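This is what each chain is made of:
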Amino acid sequence: AIRHLPKRTFAGLLLGAFALFSLLSTFPIVDVFGLRAGESMVWLGLMYLLGGYLQKDEEVEKTKGITGLWLYLGAVAVTYGGKWLIGFAGTLLLGRQVYGDMLMQTLSPTMVVAALGLFLFCAQLPIGQKLAKPVGFVASGSLGAYLIHVNVFVWENWMSDGFIFLADWLKFFLFLKAALF
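Just so we're clear, the structure is a prediction, and the values are computed from it rather than from any experiment.

Conventions used here
- Every residue gets a number counted from 1 within its own chain, in the order that chain's sequence is written.
- Thresholds applied to this predicted model are a pLDDT of at least 70 for local features of residues and 80 or more for the giving and counting of side-chain atom pairs; totals over whole chains, interfaces and linings are not thresholded and use all residues.
- To get the side-chain values, take all heavy atoms of the structure and skip hydrogens and water.
- Helical segments are the DSSP runs of H or I of at least four residues, strand segments are the runs of E of at least two, and each set is numbered from the N terminus.
- A simple rule labels every residue: compare its accessible area, found with a 1.4 Å probe on the protein chains alone, to the largest value its type can have, and call it buried under 20%, exposed over 50%, or partly exposed in between.
- Any pair of residues with heavy atoms lying within 4.5 Å of one another is described as a contacting pair.
- The accessible surface values rely on the Shrake-Rupley method and a 1.4 Å probe; as for residues, cover is taken only from the protein chains in view.
- Cavity: a set of points on a 1 Å grid over the protein atoms alone where a 1.4 Å probe fits but cannot get out. Pocket: an open set with protein on both sides within 12 Å along at least five of seven lines, its lining residues, like those of a cavity, having an atom within 4 Å of a point.
- Grid points are joined across faces, edges and corners, and a volume is the space filled by probe spheres set on the points.
- Basically, the charged four are Asp, Glu, Lys and Arg, the nonpolar ten are Ala, Val, Leu, Ile, Met, Phe, Trp, Tyr, Cys and Pro, and anything else, Gly included, counts as polar.
- Between the N-to-C directions of two axes lies an angle of 0 to 180 degrees, each axis being a line fitted to C-alpha atoms and, for a helix, fitted only over the stretch in contact.
- Under this scheme an angle from 65 to 115 degrees is roughly perpendicular, one under 35 degrees roughly parallel, and one over 145 degrees roughly antiparallel; angles in between are oblique.
- Should the near helix be turned anticlockwise from the far one by less than a right angle, the crossing is left-handed, and should it be turned clockwise, the crossing is right-handed.
- In predicted models, pLDDT denotes the confidence assigned by the predictor to each residue on a 0 to 100 scale.
- By this rule the span expected of a helix is its residue count minus one, scaled by 1.5 Å.
- This arc corresponds to the set of directions leading from the helix axis out to the C-beta atoms.
- Centre distance within 6.5 Å is the pairing criterion for rings of Phe, Tyr and Trp, where only the six-membered ring of Trp is used; planes under 30 degrees apart are then read as stacked, over 60 as edge-to-face, and the remainder as tilted.

**Student:** Honestly, the overall build of the chain in this entry has me stumped. Any pointers?
**Tutor:** Secondary structure summary: the chain contains eight helices and zero strands in total. In sequence order, the chain lays out its α and β elements as α-α-α-α-α-α-α-α. With 181 residues in all, the chain has 22% of them scored as buried. Considering only contacts within the chain whose residues lie at least 6 apart along the sequence, 69% involve residues at least 24 apart. With an accessible surface of roughly 13200 Å², the chain has 72% of that area assigned to carbon and sulfur atoms.

Pasting the structure below:
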């Protein structure tokens, strides 16, 4: 069905979905849609729709890599500027810093734009034949890792606090590395 959608309709659908899910999930205190900070099947579906749109759009191939890099850097600057501004306003108005990190969340519009910019930049990188096969292998495995992480049963029964014992070992290895080097 997506293949037959006109480009303009598909773009409007995506823009509306991201505005709804990204904006409403960034600003309220409660998770309205159950997106769990970007670790949900709904968010995965939205990302796949965005990928389908980018694959369908011929303009993406014409986009220069530097444009994506500037888009990424601009989104990062807006994110950190917003963090500072929101934190400062909260301190000024309420006497304490509140909501300063809301633009730093995975679902925030600035992070979505930053990810899009990074994607556009990396899509234009020349990858030789030697790297194409390993990159394809790692890329296909990333979907499986994401699906495992968003599965509630797997998370609650096998992963949640399942590796807490490694925290002590990690501190030990970091200390050892710092002492030796």
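Now that the structure has been shown, we can carry on.
**Student:** For this particular structure, what's the right way to read the layout of surface pockets?
**Tutor:** Estimates place the volume of the largest pocket at around 910 Å³. If you trace the largest pocket, you find 26 residues lining it, with M47, G51, F119, A139 and S142 closest to the centre. Of all the secondary-structure elements, those providing two or more residues to the lining of the largest pocket are α2 (41–56), α5 (109–123) and α6 (129–150). Per-class residue counts for the lining of the largest pocket are 21 nonpolar, five polar and no charged. Computed from the structure, the second largest pocket encloses a volume of approximately 410 Å³. Of the residues forming the lining of the second largest pocket, the biggest block, seven residues, is contributed by helix α1 (residues 7–26). Class assignment for the residues of the lining of the second largest pocket results in 15 nonpolar, two polar and two charged.

**Student:** Would you explain the packing of helix α4 (residues 65–94) against α5 in this entry?
**Tutor:** When two helices pack together, their arrangement is given by the angle between the helix axes and the distance between those axes. For the pair α4 and α5, the least separation of the axes is 7 Å and the interaxial angle reads 160°. By the criterion of interaxial angle, the relationship of α4 to α5 is roughly antiparallel. Of the two elements, α4 crosses α5, and the hand of that crossing is left-handed. Along the contact surface, α4 presents G65, G68, L69, L71, Y72, A75, V76, V78 and T79, while α5 presents T110, M111, V113, A114, G117, L118, L120 and F121. For the contact of α4 with α5, the class distribution of residues is 12 nonpolar, five polar and no charged.

**Student:** Which parts of the structure should I look at to understand the packing of α1 against α2?
**Tutor:** Interhelical geometry of α1 versus α2 gives an angle of 150° and a closest axis separation of 11 Å. The orientation of α1 with respect to α2, classified from their angle, is roughly antiparallel. The handedness of the crossing between α1 and α2 is left-handed. Residue-level inspection shows K7, F10, A11, L14, A17, F18, F21 and S22 of α1 in contact with α2, the latter providing V42, W43, L46, M47, L49, L50, G52, Y53 and K56. Per-class residue counts for the contact of α1 with α2 are 13 nonpolar, two polar and two charged.

**Student:** Even after reading the chapter, I still don't get the confidence of the model for the chain, so can you show me in this structure?
**Tutor:** Regions with low pLDDT carry predicted coordinates that are not meant to be interpreted in detail. Scored by pLDDT, the chain has a mean of 79; 88% of the residues are at 70 or more. Mean pLDDT per element in the chain: helix α7 (residues 152–159) is the minimum at 72, and α5 is the maximum at 88.

**Student:** Help me out: how do you make sense of α1 in this one?
**Tutor:** What sets the pattern is the α-helix's 3.6 residues per turn: residues three or four places apart point alike. An ideal rise of 1.5 Å per residue puts 28 Å on 20 residues; α1 measures up with 27 Å between its terminal C-alpha atoms. Among the residues of α1, those classed as buried are F10, L14, A17, F18, F21, S22, S25 and T26. Down the axis, α1 shows its buried residues gathered within 130° of arc, on one side only. Opposite its buried face, α1 presents the exposed residues R8 and L15, each directed more than 90 degrees away.

**Student:** Even after reading the chapter, I still don't get the packing of aromatic side chains, so can you show me in this structure?
**Tutor:** Between two aromatic rings, the relevant description is the distance of the centres plus the angle of the planes. Per the stated rule, a full pass over the model turns up two aromatic pairs. A centroid spacing of 5.4 Å and a plane angle of 85° characterise the contact between F10 and Y53, whose relative ring orientation is edge-to-face. Taken as a pair, F10 in helix α1 and Y53 in helix α2 lie far apart in primary sequence, 43 residues in all. For the pair F10 and Y53, a shared accessibility class is recorded, and that class is buried. Centre to centre, the rings of W84 and F88 are 5.5 Å apart; their planes meet at 5°, and the pair counts as stacked. Residue W84 and its partner F88 are both found in helix α4; the two are separated by four residues, about one turn of the helix.

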